[in-house]
Amino acid sequence: AQRVTQPEKLLSVFKGAPVELKCNYSYSGSPELFWYVQYSRQRLQLLLRHISRESIKGFTADLNKGETSFHLKKPFAQEEDSAMYYCALRSYGGATNKLIFGTGTLLAVQP
Amino acid sequence: GAVVSQHPSWVICKSGTSVKIECRSLDFQATTMFWYRQFPKQSLMLMATSNEGSKATYEQGVEKDKFLINHASLTLSTLTVTSAHPEDSSFYICSARVRGTDPYEQYFGPGTRLTVT
């Protein structure tokens, strides 16, 4: 079964502390994984994707196929990082492909 | 950048009536549009995928006769909730995939809050 699991509903850290948002997936093929972010009162937007191996706003995520994980990390959290973060898996099947989302983790960065 | 709009942003309707939600790609052509439903503090659940000019593909458990999707052009898709009931109250989000560029890029609308009384 194709599934994305984000075990933490809420992660609260202090400004300047390291952040790790966990994401595990279940997929039979070669996975394509993404992190989306939704700031307060804003729409969902792409943060980063594993194929790009990029760092966006200080965030990085490494795909670990052995552990089927794609955790999102940032060494020093900022207050403006407070948002809802969704891990997503691209699933292929039929005529098109689609994104399967995790349940999301609310990151709250305290001053 | 690519912008997706939704109209209305919120709507209240009476039980038994139908309501239409529009999703537009403002500055790009969308080969594919997706409709999601999000319950409070829960994830986005894909309802259906629509390709311009063809019938929508519905996810398992989604009633296609209740949630009518029309993708009439490369910039417009509509979701009509027919004979709405209070349990249909939710946040509906559309998303569009850009035509002719990065096949992985998908842009999201701001969502429509539907309340059925």
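This one's a predicted model, so the numbers in the text were calculated from it and none came from an experiment.

What counts and what doesn't
- Within each chain, residues carry numbers counting from 1 in the order of the written sequence.
- Chains and ligands are labelled sequentially in the order written, the chains with letters from A and the ligands with numbers from 1.
- Residues qualify for local features only when their pLDDT is at least 70, as the model is predicted, and side-chain atom pairs are given and counted only at 80 or more; totals for whole chains, interfaces and linings, by contrast, use all residues.
- In computing side-chain properties, one takes all heavy atoms of the structure into account and sets aside hydrogens as well as water.
- Secondary structure elements are defined from DSSP: runs of H or I of at least 4 residues count as helices, runs of E of at least 2 residues count as strands, and each element is numbered from the N terminus.
- As defined in this context, the radius of gyration uses C-alpha atoms, and a globule is described by 2.2 Å times the residue total to the power 0.38.
- Burial status follows relative accessibility: with a 1.4 Å probe on protein chains alone, a residue under 20% of its type maximum counts as buried, one over 50% as exposed, and anything between as partly exposed.
- We call two residues in contact when some of their heavy atoms are within 4.5 Å.
- Only the protein chains shown count as cover for residues, with accessible areas throughout obtained via the Shrake-Rupley method and a probe of 1.4 Å.
- By the counting scheme adopted, Arg and Lys are positive, Glu and Asp are negative, and His together with the chain ends is not counted.
- Every charge is mapped to an atom, namely NZ of Lys, CZ of Arg, CG of Asp or CD of Glu.
- Paired strands, in this sense, are two strands between which DSSP finds at least two bridges.
- Lines are fitted to the C-alpha atoms to define the axes, a helix being fitted only along its stretch in contact, and any angle between axes, read from their N-to-C directions, falls within 0 to 180 degrees.

1. Things to note about the overall build of chain A
- Across its full length, chain A carries zero helices and eleven strands.
- Listing the helices and strands of chain A from first to last along the sequence gives β-β-β-β-β-β-β-β-β-β-β.
- Whereas a compact globule of 111 residues would reach a radius of gyration of roughly 13 Å, chain A reaches 14 Å, a difference of no more than 12%.
- On the principal axes, the C-alpha backbone points of chain A span a range of 45 × 30 × 25 Å.
- With 111 residues in all, chain A has 45% of them scored as buried.
- Here the contacts in chain A between residues at least 6 apart in sequence split such that 58% fall between residues at least 24 apart.
- For chain A, the exposed surface amounts to about 5600 Å²; the carbon and sulfur share of it is 50%.
- Of the side chains in chain A, 14 bear a positive and 9 a negative charge, and the two mean positions are spaced by 7 Å.

2. Topic: the sheet that holds strand E7 (residues 67-73) of chain B
Residue and element names in this part refer to chain B.
- The sheet built from four strands is open, its strands ordered E1-E3-E8-E7 with antiparallel pairing. Only two strands of the sheet have a single neighbouring strand rather than two, namely strand E1 (4-7) and E7. Across the sheet, the mean angle from the axis of one strand to that of its neighbour is 15°, orientation sign disregarded.
- Strand direction decides the pairing type here: strand E3 (residues 19-25) and strand E8 (residues 76-81), joined by six bridges, are antiparallel. Directly across from Lys20, in E8, lies its bridge partner Thr80.

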